[in-house]
Amino acid sequence: MNEVQLRASSTLRITGDTLRIMREVSIRELRNSGGAVVDQVGRGESLVVTRDGKPVAELHPVAAPSLSSRMLLERWSHLPPVEPAAFRKDVDALLDTEL
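A brief look at the structure comes next. As the structure is a prediction and not an experimental result, all values here were calculated from the model. Residue positions are given per chain, counting from 1 as you read along its sequence in written order. Owing to the predicted nature of the model, reporting of local features is limited to residues with pLDDT of at least 70; listing and counting of side-chain atom pairs is limited to 80 or more, with chain, interface and lining totals taken over all residues. As a rule here, side-chain values come from all non-hydrogen atoms in the structure, and water together with hydrogens is ignored.

Quick word on the overall build of the chain
Helix and strand labels come from DSSP, where a helix needs a run of H or I of at least four residues and a strand needs a run of E of at least two; each type is numbered from the N terminus. Within the chain one finds four helices and four strands. For the chain, the N- to C-terminal ordering of α and β elements is β-β-α-α-β-β-α-α. Two residues form a contact once any of their heavy atoms are found within 4.5 Å. Relative to all contacts within the chain whose residues are 6 or more apart in sequence, the contacts with residues 24 or more apart total 38%. Surface accessibility of the chain: about 8200 Å² in total, with carbon and sulfur atoms responsible for 57%. Accessibility throughout is a Shrake-Rupley quantity obtained with a 1.4 Å probe, and a residue counts as covered only by protein chains that appear here.

Here it is in structure tokens:
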């Protein structure tokens, strides 16, 4: 697999309450290795596209389509029923009750 070597950006991007460093790809790298760059984005990575070292665009993966309420109910219908007392016992066994 031909992966493009990307640089870590010195620009910090804030998304919601998450602070992350987005990697950069130059327009030249994008033109010459576009397929490899798109493969990286397709695997969930967000990238900053630069021109002359300055950010000009961001590439993000397409969000997965959301499920309809009908589809969620259909999926949930196959789950085993939850017994509340047993569930509570399992949760209490995992959590520190002193908190």
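A closer look at the nonpolar core
Judged by nonpolar contacts, Val-25, Val-37, Val-41, Leu-47 and Val-49 together constitute the single largest core of five residues. Where this core is concerned, the elements lending two or more residues are α2 (34–42) and β3 (47–51). Note on terminology: a nonpolar core comprises buried Ala, Val, Leu, Ile, Met, Phe, Trp, Tyr and Cys residues joined through side-chain atoms within 4.5 Å. Under the scheme applied here, a residue whose accessible area is under 20% of the maximum for its type counts as buried, over 50% as exposed, and between as partly exposed, the area being computed with a 1.4 Å probe on protein chains only.

Examining α2
All of the buried residues along α2 are Ala-36, Val-37, Gln-40 and Val-41. The arc that holds the buried residues of α2, viewed along the axis, is 140 degrees, so those residues lie on one side. For α2, the exposed residues set more than 90 degrees away from the buried face come down to Val-38 and Gly-42. Within two residues after α2, Gly-44 carries a phi angle of roughly 110 degrees, on the positive side. Taken from the helix axis, the directions to the C-beta atoms give the arc we talk about.

Here's the deal with the pattern of salt bridges
Here, a salt bridge means any side-chain nitrogen of Lys or Arg that lies within 4 Å of a carboxyl oxygen of Asp or Glu. As enumerated under the stated definition, the model contains two salt bridges in all. Between Arg-88 and Asp-92 there is a salt bridge, with the nearest N and O atoms lying 3.1 Å from each other. Of the two residues, Arg-88 and Asp-92 both sit in helix α4 (residues 84–94), four residues apart, roughly one turn of that helix. Taking relative accessible area as the criterion, Asp-92 reaches 34% and is therefore assigned partly exposed.

So, a nonpolar patch on the surface
Residues enter patches when they are more than 30% accessible in relative terms and free of salt bridges; like-charged ones are connected within 9 Å and nonpolar ones (Val, Leu, Ile, Met, Phe, Trp, Tyr) within 5 Å. Together, Leu-73, Trp-76 and Leu-79 make up an exposed nonpolar region whose accessible area comes to about 360 Å². Tracing the backbone through its elements, the reader meets Trp-76 in helix α3 (residues 69–76). A relative accessible area of 51% means that Trp-76 is categorised as exposed.

Details of unusual backbone geometry
Positive phi, normally seen in glycine, also occurs at Asp-52, with a value near 55 degrees. Within the secondary structure layout, Asp-52 lies in the loop between β3 and β4 (54–59).

Thoughts on the pairing of β3
For β3, the tally of buried residues reaches four of five residues, placing the bulk of the element in the interior. Hairpin remark: β3 followed by β4, antiparallel, with two residues in the connecting loop; positive phi at Asp-52, about 55 degrees. DSSP calls a pair of strands paired once it identifies at least 2 bridges connecting them.

Honestly, it's all geometry; don't read function into it.
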